[in-house]
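Structural features, examined
Below are the chains, spelled out letter by letter.
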Amino acid sequence: MLEVQSRLCTGKFSFRRFAICLVPLGALALGACTTGTPAGPGEFNDPYENTNRKIHSFNKSMDTGIYRPVSNAYGTVVPIAVRTGVNNVSETIDLPRRVVNSLLQGDVETGVHNTFRFLLNATLGVAGIFDPATSFGVEERDTDFGETLHVWGVGEGAYLAVPFFGPSNQRDLAGDVVDLVTNPLSYVLTPPQSYVGPGSTLGENADYRYTFQDTVDGILYDSADSYAQSRVIYLESRRFELGIPSGGGTGEAEDDIFDPYEDF
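Conventions and cut-offs
Residues numbered from 1 in each chain as written. Predicted model: local features only at pLDDT ≥ 70, side-chain atom pairs only at ≥ 80, totals over all residues. Heavy atoms only, no water. Helix = DSSP H or I, 4+ residues; strand = E, 2+ residues; numbered from the N terminus. Buried < 20%, exposed > 50% of the residue type's maximum accessible area, 1.4 Å probe, protein only. Contact = heavy atoms within 4.5 Å. Expected span 1.5 Å × (residues − 1). Core = buried A, V, L, I, M, F, W, Y, C linked by side-chain atoms within 4.5 Å. Phe/Tyr/Trp six-rings, centres within 6.5 Å; stacked < 30°, edge-to-face > 60°. Pairing = 2+ DSSP bridges. Salt bridge = Lys/Arg side-chain N within 4 Å of Asp/Glu carboxyl O. Arc of directions from axis to C-beta. Polar contact = N/O pair within 3.5 Å; in protein donor to acceptor, adjacent residues only side chain to side chain.

Along the chain, the regular secondary structure elements total 10 helices and 2 strands. Start at the N end of the chain and walk to the C end: the helices and strands fall as α-α-α-α-α-α-β-β-α-α-α-α. When each of the 264 residues of the chain is scored for burial, the buried share is 47%. Considering only residue pairs separated by 6 or more positions, the chain has 74% of its internal contacts joining residues 24 or more positions apart.

An α-helical segment advances 3.6 residues per turn. Residues three or four places apart therefore align on the same side. For helix H10 (residues 226–241), spanning 16 residues, the distance from its first C-alpha to its last is 22 Å, which sits close to the expected 22 Å at 1.5 Å a residue. Taking burial as the measure, the 16 residues of H10 include 13 buried ones, the bulk of the element. Trailing H10 by a residue or two, Gly243 shows a phi angle of about 80 degrees, which is positive.

Quick look at the nonpolar core now. In this structure, Phe145, Leu149, Val154, Ala174 and Val178 together form the largest nonpolar core, which totals 5 residues. Taken together, the elements giving at least two residues each to this core come down to helix H6 (145–151) and helix H7 (170–179).

Counted by the stated rule, this structure contains 4 aromatic pairs. Between the aromatic rings of Phe58 and Phe164, the centroid separation amounts to 5.2 Å while the plane-to-plane angle is 85 degrees, which identifies the pairing as edge-to-face. Of this pair, Phe58 sits in helix H2 (residues 49–77) while Phe164 sits in the loop between strand E1 (159–162) and strand E2 (166–169), and the two are 106 residues apart along the sequence. Here Phe164 falls in the partly exposed class, since its relative accessible area comes to 39%. With a centroid separation of 6.0 Å and an interplanar angle of 75 degrees, the aromatic rings of Tyr159 and Tyr227 are classed as edge-to-face. Of this pair, Tyr159 sits in strand E1 while Tyr227 is found in helix H10, placing the two residues 68 residues apart along the sequence.

A few words now on the pairing of E2. Taken together, the 4 bridges between E1 and E2 define a ladder with antiparallel strand orientation. Within the sheet, the bridge partner assigned to Val162 lies in E2 and is Gly166. From the end of E1 to the start of E2, which pair antiparallel, there are 3 residues, and Phe164 there has a positive phi angle of about 75 degrees.

Moving on, we get to the pattern of salt bridges. Per the stated rule, a full pass over the model turns up 24 salt bridges. For Asp63, the salt bridge is made with Arg209, and the minimal N-O distance between the two is 2.9 Å. In this pair, Asp63 is assigned in helix H2 and Arg209 in helix H8 (residues 196–211), connecting sequence segments 146 residues apart. Of the two residues, Asp63 and Arg209, neither departs from the other in class, the shared state being buried. For Asp94, the salt bridge is made with Arg98, and the minimal N-O distance between the two is 3.1 Å. Highlighted residues: Asp94 and Arg98, both in helix H3 (residues 80–104), separated by 4 residues, approximately one helical turn.

Moving on, we get to unusual backbone geometry. The residue after Pro191, namely Pro192, is reached through a cis peptide bond having omega 5 degrees. Looking at where Pro192 falls in the secondary structure, it is placed in the loop between H7 and H8. Notably, Val126 is not glycine yet its phi reads approximately 55 degrees, a positive angle. With respect to the helices and strands, Val126 occurs in the loop between helix H4 (108–123) and helix H5 (132–135). Judged by relative accessible area, Val126 falls into the partly exposed class, the value being 45%. Of note, the phi angle at Phe164 is positive, near 75 degrees, even though the residue is not glycine.

Below, the discussion takes up helix H9 (residues 213–222). Burial in H9 covers these residues: Val216, Asp217, Ile219 and Leu220. Taken around the axis of H9, the buried residues stretch over an arc of 165 degrees, which confines them to a single face. Turned more than 90 degrees away from the buried face of H9, the exposed residues are Asp214 and Asp222. In the core, the buried residues of H9 are packed alongside H2, H8 and H10.

This part covers the side chain of Arg97. Here Arg97 shows up in helix H3. For Arg97, a relative accessible area of 4% puts it in the buried group. Polar side-chain contacts of Arg97 include one of 2.5 Å to the side chain of Asp94. Looking at Arg97, its side chain comes within polar contact range of the main-chain oxygen of Thr143, at 3.1 Å.

In structure tokens:
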């Protein structure tokens, strides 16, 4: 599902690894530039719908057979305090990547904010297990390279259903590829410390699937057309997140827009 950061490009940096990541990035970003963002509220660009529906069905079967039972077992067996600690570690490890994207967007204030949050949680928070930064008023601020591309003027491109990752679009998929290689910690940590990031991310995603199981199950299994429902929810919530006007809105991101695919 979307944004399960499997870190396919983590480990020691090499030009070959970097080049492999940039090949799909270039193609996807070019496609996003040419297709752009639909102009009207509620519109979408889905030229690959037939293929997307097949991938969606595959992802749905993976959720039925693996994601849902594993997340239910994780949420039932692991105490909530432990799950919260795992989520905090995952968020802390992800902060340097957010700092990089904030700076690339020209948002120095958010870059400094996230740097301070990382330092607080990595030290006072005992390697990120706890979240003292929020208690000090340094709240979580998320961003990614898909948003960076949006700031740079790249359109969202065509809607995509990505195997194992779920709903996306050309711009955000290109952003996900870059995000895999832009976290500075990927080049600093070595095994076994480097395994903490992917492990905590998997735990966070399992906890998210467990916590919002009723909503996710309603979309995937109770709706008349789970593909169309997933597409609408993803595109509309992503546009709200980026501050893109939709449905007559003001263009300001709304905190109460729920995207069940955000961390999958």
